[in-house]
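Geometric and topological summary
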Amino acid sequence: MIIYKAKDYQDMSRKAANIISAQIIMKPNCVLGLATGSSPVGTYKQLIEWYNKGDLDFSQVTSINLDEYKGLSPENDQSYRYFMNANLFNHVNIDKSHTFVPNGLETDSEKACSTYNEIIHAQGGIDLQLLGLGRNGHIGFNEPGAAFEKETHCVNLTESTIEANKRFFASEKDVPRQAYTMGIKNIMQAKKILVVVSGEDKADAVEKAFFGPITPSVPASILQLHNDVTIVADEAALSKIS
């Protein structure tokens with residue numbers, strides 16, 4: 001496990017974008033596992049900036065997203081497909097037919113999850129998986145207590161996750177209560193993992209996930225067992241680490 005300390009969110013974003021850029025340059029037809037939420041937004045902005053300068057080419061890249069809310073259409077401005085289009089895909093030359101997000105409109109959870117697992121396996125696995133870190137140590141929507149051996153599955157979102165996400169919706173009742181997410185097993189099968197973490201409110205999660213015991217009660221703690229994990233975190237997020 002390698003930890004890079006960044007000065008602030010902007011520095012974290014730039015450092016993370018450097019790692020993703022290197023992956024794309026070294027393997028132009030790579031498979032990127034992508035994340036949503038506030039943590040990677042700055043990283044995507046930096047990648048777009050370098051693309052506009054002619055430094056990056058996404059034309060052969062395939063992307064596989066971590067998760068999607070169950071019940072939201074791709075056109076819904078709170079869906080993760082919409083997020084990815086707005087924050088990255090619409091601004092680079094990636095082929096959208098090679099960008100995958102779970103089908104939030106599939107009401108049959110078993111079918112949605114098995115289809116997504118087939119998509120992941122059909123791409124030959126993920127070369128680099130980008131992750132954020134939840135305050136309770138979740139990765140994707142794998143909440144505390146999630147089994148480490150699961151692949152893509154449907155989850156009931158915890159109250160803390162609903163609370164964290166309600167700022168994006170008109171009211172709390174509009175926040176979906178379920179989501180489709182890659183499982184811990186999918187994530188751990190990625191060849192490389194890159195975690196971006198920013199803010200003092202994540203300091204406890206960083207300490208428990210990367211310096212505490214490996215336990216399903218802190219899902220990200222399993223990353224300690226992966227052989228190629230890079231963490232890029234700002235000073236505030238690392239404030240509890242000596």
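Predicted, not measured: the structure shown is a model, and the values here were computed from it. (Residues numbered from 1 in each chain as written. Predicted model: local features only at pLDDT ≥ 70, side-chain atom pairs only at ≥ 80, totals over all residues. Heavy atoms only, no water.)

Things to note about the packing of helix 1 (residues 9-26) against helix 2 (residues 41-52)
In the contact formed by helix 1 and helix 2, the axes pass within 8 Å of each other and the chain directions differ by 55°. With respect to each other, helix 1 and helix 2 are oriented oblique. For the element pair helix 1 and helix 2, the recorded crossing hand is right-handed. Counting all contacts with helix 1, which are made through Tyr9, Ser13, Arg14, Ala16, Ala17, Asn18, Ile20 and Ser21, the residues of helix 2 involved are Val41, Gly42, Thr43, Gln46, Leu47 and Trp50. By residue class, the composition of the contact of helix 1 with helix 2 is 7 nonpolar, 6 polar and 1 charged. (Axes fitted to C-alpha atoms, helices over the stretch in contact; angles between N-to-C directions. Helix = DSSP H or I, 4+ residues; strand = E, 2+ residues; numbered from the N terminus. Parallel < 35°, antiparallel > 145°, perpendicular 65-115°, else oblique. Left-handed = near helix turned anticlockwise from the far one by under 90°. Contact = heavy atoms within 4.5 Å. Nonpolar A, V, L, I, M, F, W, Y, C, P; charged D, E, K, R; others polar.)

A word on the packing of aromatic side chains
Tallied over the full model, the rule gives 5 aromatic pairs. Ring centres of Tyr51 and Phe58 lie 6.3 Å apart, and the angle between their planes is 70°; on these two criteria the pair is classed as edge-to-face. Through a chain of ring-to-ring contacts, the aromatic side chains of Tyr69, Tyr80, Phe141 and Phe169 assemble into a single cluster. (Phe/Tyr/Trp six-rings, centres within 6.5 Å; stacked < 30°, edge-to-face > 60°.)

A look at the UniProt feature "domain: Glucosamine/galactosamine-6-phosphate isomerase" (unreviewed entry) in the protein
The sites that carry the UniProt feature "domain: Glucosamine/galactosamine-6-phosphate isomerase" (unreviewed entry) are, in the present numbering, residues 10-228. Secondary structure across residues 10-228 divides into 33% helix and 14% strand, with the first and last C-alpha atoms of the span separated by 24 Å. (UniProt positions renumbered as here; feature names shortened; annotations may be inferred.)

Things to note about the sheet that holds strand 7 (residues 153-156)
Strand order in the open sheet formed by 3 strands is 4-8-7, and the pairing between neighbours is antiparallel. Each having just a single partner strand, strand 4 (67-69) and strand 7 make up the two edges of the open sheet. On average, each strand axis in the sheet is inclined to that of its neighbour by 25°, with strand direction left out of account. (Pairing = 2+ DSSP bridges.)

Side note on the pattern of salt bridges
One pass over the structure, following the stated rule, counts 11 salt bridges. Here Arg135 and Asp201 are joined by a salt bridge, their closest N and O atoms 3.0 Å apart. Here Asp201 lies in the loop between strand 9 (192-197) and helix 7 (203-211) and Arg135 lies in the loop between strand 6 (128-131) and strand 7, a separation of 66 residues in the sequence. For Arg135, a relative accessible area of 56% translates into the label exposed. Put simply, Asp204 and Lys240 hold a salt bridge, and the shortest N to O gap is 2.5 Å. Taken together, the positions of Asp204 in helix 7 and Lys240 in the segment after strand 10 (229-234) put the pair 36 residues apart, joining distant regions of the chain. Through salt bridges with shared partners, a single ionic network connects Lys7, Asp11 and Lys15. (Salt bridge = Lys/Arg side-chain N within 4 Å of Asp/Glu carboxyl O. Buried < 20%, exposed > 50% of the residue type's maximum accessible area, 1.4 Å probe, protein only.)

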